[in-house]
Amino acid sequence: MSKEIRMFKVEADESEDMVIEGYAATFENPATHGFTEVVDRKAFDTTNMKDVCMKYNHSDEHPILARTRNGSLQLNVDDRGLKIRANLIDTNSNRDIYKMIKSGLLDKMSFAFTVSEEEWDYETDTRRILSIDKLYDVSVVDVPFYDSTEVFARSMDEYQKEKEKYEALKLAKAKAKAKMELSLN
């Protein structure tokens, strides 16, 4: 098996903690760079994610940003893809990366992995990654392989306000729907 690298977008917090969130991989979003590659929805079902680092551009030259082993990096597979949440410790390099994410200068992610199962469609030059054996790292990157990735930085206060607006809108829609159903009866 040969190690491969993919990139994606992350979201971040602006409170005292430097928290970033996003997706290191998305499902069913083709990336085309000489050939087309698609990550299957079940690709991470049996992936070894015991000790995954978060890096900048997959580089060993830059200090690690976060890690699953110490709990500063959490990984979750959901309907969209491989979601990450990282709490960056307060270092000069992490502050720089965080500021670049917050400003939009860095807005994509990637992932480094080995494939245990794949399918090729030679008619369309499409590779479908069916199963990923090991996840080595997720990275904030300058240039992604998958353009469907992104990374954001925002404050927890801002997030809470957005969530409250969302909940209020959801409640208003439910009330309007119930009122309309009552008027129809």
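A brief structural summary. Note that the structure is predicted; figures quoted are calculated from it, not measured.

1. Let's talk about the overall build of the chain
And then number 1: Along the chain, the regular secondary structure elements total 2 helices and 12 strands.
And then number 2: Shown N-terminal to C-terminal, the secondary structure of the chain runs as helices and strands in the order β-β-β-β-β-β-β-β-β-α-β-β-β-α.
And then number 3: Looking at the 185 residues of the chain, the share that counts as buried comes to 42%.
And then number 4: Once local pairs closer than 6 in sequence are excluded, the contacts in the chain between residues at least 24 apart make up 71%.

2. Some details on helix α1 (residues 92–103)
The periodicity of an α-helix, 3.6 residues per turn, causes residues three or four places apart in sequence to face the same way.
And then number 1: Here α1 is 12 residues long and its end C-alpha atoms lie 17 Å apart, about the 16 Å a rise of 1.5 Å per residue gives.
And then number 2: Looking at α1, one finds that the buried residues are Asn94, Ile97, Tyr98 and Ile101. When α1 is viewed along its axis, its buried side chains cluster within an angular range of 100° and face the same direction. Counted as exposed and oriented over 90 degrees from the buried face of α1: Asn92, Lys99 and Ser103.
And then number 3: Two residues or fewer past α1, Gly104 is found with a positive phi of approximately 90°.

3. Here we look at the packing of aromatic side chains
And then number 1: Across all of its chains, the model carries 8 aromatic pairs by this definition.
And then number 2: Between Phe35 and Trp120, the ring centres sit 5.4 Å apart and the planes meet at 50°, which makes this aromatic pair tilted. Here the residue Phe35 occupies a position in the loop between β4 (31–32) and β5 (36–39), and Trp120 occupies one in strand β10 (residues 108–121), the gap between them amounting to 85 residues.
And then number 3: A relative accessible area of 25% means that Phe35 is categorised as partly exposed.
And then number 4: Between Phe35 and Phe145, the ring centres sit 6.4 Å apart and the planes meet at 45°, which makes this aromatic pair tilted. Of this pair, Phe35 sits in the loop between β4 and β5 while Phe145 is found in the loop between β11 (126–141) and β12 (150–152), placing the two residues 110 residues apart along the sequence.

4. Some thoughts on the side chain of Asp137
And then number 1: Within the secondary structure layout, Asp137 lies in strand β11.
And then number 2: Notably, Asp137 is buried but unbridged: the nearest opposite-charge side chain belongs to Lys55, and the N-O separation is 4.2 Å.
And then number 3: Engagement of the side chain of Asp137 in a polar contact is seen with the side chain of Ser139, the distance being 2.8 Å.
And then number 4: Filtering out sequence-adjacent residues up to four positions away, Asp137 remains in contact with Val52, Cys53, Lys55, His58, Ser110, Phe111 and Ala112.

5. Here's the deal with the pattern of salt bridges
And then number 1: All chains considered together, the criterion is met by 9 salt bridges.
And then number 2: The residue Arg128 makes a salt bridge to Asp40 at a minimum N-O spacing of 2.9 Å. With a gap of 88 residues between them, Arg128 in strand β11 and Asp40 in the loop between β5 and β6 (53–56) connect regions that are remote in the sequence.
And then number 3: Arg128 sits in the partly exposed class, given a relative accessible area of 24%.
And then number 4: A salt bridge links Lys55 to Asp60; the shortest N-O distance between them is 2.4 Å.
And then number 5: Here Lys55 falls in the buried class, since its relative accessible area comes to 12%.
And then number 6: Connected through shared salt-bridge partners, Glu28, Asp40 and Arg128 make up one network.

Cut-offs applied
- Residues numbered from 1 in each chain as written.
- Predicted model: local features only at pLDDT ≥ 70, side-chain atom pairs only at ≥ 80, totals over all residues.
- Heavy atoms only, no water.
- Helix = DSSP H or I, 4+ residues; strand = E, 2+ residues; numbered from the N terminus.
- Buried < 20%, exposed > 50% of the residue type's maximum accessible area, 1.4 Å probe, protein only.
- Contact = heavy atoms within 4.5 Å.
- Expected span 1.5 Å × (residues − 1).
- Arc of directions from axis to C-beta.
- Phe/Tyr/Trp six-rings, centres within 6.5 Å; stacked < 30°, edge-to-face > 60°.
- Lys, Arg positive; Asp, Glu negative; His and termini not counted.
- Salt bridge = Lys/Arg side-chain N within 4 Å of Asp/Glu carboxyl O.
- Polar contact = N/O pair within 3.5 Å; in protein donor to acceptor, adjacent residues only side chain to side chain.

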